[in-house]
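Spelled out from the first residue to the last, the chains are:
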Amino acid sequence: QVRLVESGGGLVQPGGSLRLSCAASGSIFSIVVMGWYRQAPGKQRELVATFTTGGGTNYADTVKGRFTISRDNAVNTVYLQMNSLKPEDTAVYYCKANQHAATYWGQGTQVTVSS
């Protein structure tokens, strides 16, 4: 059983920055990969950034060069640094973790980019 809690969302103007955090707790011993997804109004959930099983990273083409995923293993936390934000980045951002065959999701944090 894994619990994921996202934080750091909010309202920001275009061109601004936010840093999202995802803290994992519970039975986290076998977590293989964690990452970020987002879901905009009327759209399906999509990948934003993930760590791969090989130790690399994957980014959606729409966020490459603007977003950076990182982690602090000491506190079981994954971060998403978002720079040069655009209105199209407006969405609920979800943290995702894989543990063997199971997938866990956080409850999401709202990011709104608007002037």
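Conventions used here
Residues numbered from 1 in each chain as written. Predicted model: local features only at pLDDT ≥ 70, side-chain atom pairs only at ≥ 80, totals over all residues. Heavy atoms only, no water. 1 Å grid on protein atoms, 1.4 Å probe; cavity = no way out; pocket = protein on both sides within 12 Å on 5 of 7 lines; lining within 4 Å. Points joined across faces, edges and corners; volume = space filled by probe spheres on them. Helix = DSSP H or I, 4+ residues; strand = E, 2+ residues; numbered from the N terminus. Nonpolar A, V, L, I, M, F, W, Y, C, P; charged D, E, K, R; others polar. Salt bridge = Lys/Arg side-chain N within 4 Å of Asp/Glu carboxyl O. Buried < 20%, exposed > 50% of the residue type's maximum accessible area, 1.4 Å probe, protein only. Pairing = 2+ DSSP bridges. Phe/Tyr/Trp six-rings, centres within 6.5 Å; stacked < 30°, edge-to-face > 60°. Lys NZ or Arg CZ within 6 Å of the ring centre and 35° of its normal. Polar contact = N/O pair within 3.5 Å; in protein donor to acceptor, adjacent residues only side chain to side chain. Contact = heavy atoms within 4.5 Å.

Novice: What is the right way to read the layout of surface pockets from this model?
Specialist: Space inside the largest pocket adds up to approximately 220 Å³. Elements represented by at least two residues in the lining of the largest pocket include exactly strand S4 (31–39) and strand S8 (77–82). For the lining of the largest pocket, the per-class residue count stands at 9 nonpolar, 3 polar and 1 charged.

Novice: Where do I start with the pattern of salt bridges in this structure?
Specialist: When the charged atoms of two side chains with opposite charge come close together, those side chains can pair. Under the definition given, this model contains 4 salt bridges. Between Arg 38 and Asp 89 there is a salt bridge; the shortest N-O distance is 2.9 Å. One end of the pair, Arg 38, is in strand S4; the other, Asp 89, is in the loop between S8 and strand S9 (91–99), with 51 residues separating them in the sequence. Given a relative accessible area of 0%, Asp 89 falls into the buried group. Via salt bridges that share partners, Arg 38, Glu 46, Arg 66 and Asp 89 belong to a single interconnected network.

Novice: Would you mind going over the pairing of strand S7 (residues 67–72) with me for this structure?
Specialist: Side chains on a regular strand alternate between the two faces of the sheet. Taken together, the 6 bridges between S7 and S8 define a ladder with antiparallel strand orientation. Residue pairing in the sheet places Ser 70 in a bridge with Tyr 79 of S8. From the end of S7 to the start of S8, which pair antiparallel, there are 4 residues, and Asn 76 there has a positive phi angle of about 50°.

Novice: Quick question: what am I supposed to make of the packing of aromatic side chains here?
Specialist: In the structure shown here, the tally under the stated rule is 2 aromatic pairs. Look at Tyr 37 and Trp 105: their rings are 5.1 Å apart centre to centre, the planes differ by 75°, and that puts the pair in the edge-to-face class. Of this pair, Tyr 37 sits in strand S4 while Trp 105 sits in strand S10 (residues 102–105); the two residues are 68 residues apart in sequence, bridging distant segments of the chain. Take Tyr 37: its relative accessible area is 15%, and that puts it in the buried class. With a centroid separation of 6.5 Å and an interplanar angle of 90°, the aromatic rings of Tyr 94 and Trp 105 are classed as edge-to-face. Here Tyr 94, found in strand S9, pairs with Trp 105, found in strand S10; they are 11 residues apart in sequence, far enough to count as distant. Taken together, the ring pairs connect Tyr 37, Tyr 94 and Trp 105 into an aromatic cluster. A cation sits over an aromatic face here: Arg 45 above Tyr 94, 3.7 Å from the ring centre. In this structure, Arg 45 packs its charged tip against the face of Trp 105, placed 4.6 Å from the ring centre.

Novice: Teacher, can you tell me more about the side chain of Thr 90 here?
Specialist: Note on placement: Thr 90 falls in the loop between S8 and S9. Here the side chain of Thr 90 touches Pro 87 through a polar contact of 2.9 Å, landing on its backbone oxygen. If sequence neighbours within four positions are ignored, Thr 90 has contacts with Ala 40, Pro 41, Gln 110, Val 111, Thr 112 and Val 113.

Novice: So what exactly am I meant to see when it comes to the environment of Leu 4 here?
Specialist: Looking at where Leu 4 falls in the secondary structure, it is placed in strand S1 (residues 2–7). Overall, the relative accessible area of 6% leaves Leu 4 in the buried class. Spatially, the C-alpha atom of Leu 4 lies 9.9 Å from that of Ser 21, the residues being 17 residues apart in sequence. With residues up to four places along the chain from it excluded, the contact list for Leu 4 reads Cys 22, Ala 23, Ala 24, Met 34, Cys 95, Lys 96, Ala 97, Tyr 104, Trp 105, Gly 106 and Gln 107.

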